Amino acid sequence: MKKLLVLPFLFLGCSQAEEKLSEELQAKVLGLHDVLMPQTEQIVSLKSKLDSLSTGADSVHVKKLIGALDKADQSMMDWMHQFSIDSLDKMEVDAKVIYLKNQYQQLTDLQKLTDSTLHAAQNYRP
């Protein structure tokens, strides 16, 4: 009989732990988004600087850098368009955790792409 009384509390504890995890994941996703957004401004600035060099002697390399910057910028825009924070309230906790883990992984991959692209463009010397 005691085991039956404990069972609901175990589920309640798991639910609370998952809810806490989803809140932490949401904070990580939004925090990483907030780190990446200012970098899009850097991307736009670097693209305009490189654009003026796109007809020079090193135009093939410059165009590759611009293309990489475009890809990083577009990837961020694509992520923002598909991310739906409003739908989180409608999800079950376990689905929310899975969704947020996936979104965090996507942003982590995007951060790697953005960082490497910015690094290459910032270090370019004509």
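Residues numbered from 1 in each chain as written. Predicted model: local features only at pLDDT ≥ 70, side-chain atom pairs only at ≥ 80, totals over all residues. Heavy atoms only, no water.

Looking at an unreviewed UniProt entry, the protein chain carries the name Viral A-type inclusion protein, with the source organism given as Aquirufa novilacunae.

(A) Region of interest: the environment of Val35. Within the fold, Val35 resides in helix H1 (residues 2-51). Residues Val35 and Gln111, 76 residues apart in the sequence, show an inter-C-alpha distance of 8.8 Å. (Helix = DSSP H or I, 4+ residues; strand = E, 2+ residues; numbered from the N terminus.)

(B) Spatial organisation of the nonpolar core. Grouped together as the largest cluster of nonpolar side chains are 14 residues, with contacts concentrated most on Val29, Leu36, Trp79, Phe83, Leu100, Leu107 and Leu110. Those elements giving two or more residues to this core turn out to be H1, helix H2 (59-82) and helix H3 (93-122). Here the element with the most residues in this core is H3; it accounts for 6 residues. Beyond its immediate stretch of four places on either side in the chain, Leu100 contacts Ser22, Leu25, Gln26, Val29, Phe83 and Leu88. If you look at the next biggest cluster of nonpolar residues, it comprises 11 residues, including Leu46, Leu50, Leu69 and Ala72. (Core = buried A, V, L, I, M, F, W, Y, C linked by side-chain atoms within 4.5 Å. Buried < 20%, exposed > 50% of the residue type's maximum accessible area, 1.4 Å probe, protein only. Contact = heavy atoms within 4.5 Å.)

(C) Region of the structure containing the side chain of Thr114. Looking at where Thr114 falls in the secondary structure, it is placed in helix H3. Overall, Thr114 belongs to the buried group, its relative accessible area being 4%. Once you skip the residues sitting within four places of it in the chain, Thr114 turns out to touch Leu36, Gln39, Ile43 and Ala72.

(D) Seen up close, the pattern of salt bridges. One pass over the full model with this rule turns up 3 salt bridges. The salt bridge partner of Glu19 is Lys96, with a shortest N-O separation of 3.8 Å. With Glu19 in helix H1 and Lys96 in helix H3, the pair connects residues that are 77 residues apart, well separated along the chain. Between Lys47 and Asp70 there is a salt bridge, with the nearest N and O atoms lying 2.5 Å from each other. Note that Lys47 is positioned in helix H1 and Asp70 in helix H2, a separation of 23 residues in sequence. The exposure class of Lys47 is partly exposed, given its relative accessible area of 21%. (Salt bridge = Lys/Arg side-chain N within 4 Å of Asp/Glu carboxyl O.)

(E) Quick peek at the packing of aromatic side chains. Counted under the stated rule, the structure contains 2 aromatic pairs. With 4.7 Å between their ring centres and 15° between their planes, Trp79 and Phe83 make a pair best called stacked. Assessed through its relative accessible area of 5%, Trp79 is described here as buried. Here Phe83 falls in the buried class, since its relative accessible area comes to 14%. With a centroid separation of 6.1 Å and 10° between ring planes, the pair formed by Phe83 and Tyr99 is classed as stacked. One end of the pair, Phe83, is in the loop between H2 and H3; the other, Tyr99, is in helix H3, and 16 residues separate them in sequence. The pair Phe83 / Tyr99 is uniform in exposure class, with both members buried. What links up through ring pairs into an aromatic cluster is the set Trp79, Phe83 and Tyr99. The lysine or arginine in question, Lys28, covers the ring of Tyr104, its NZ or CZ lying 4.5 Å from the ring centre. (Phe/Tyr/Trp six-rings, centres within 6.5 Å; stacked < 30°, edge-to-face > 60°. Lys NZ or Arg CZ within 6 Å of the ring centre and 35° of its normal.)

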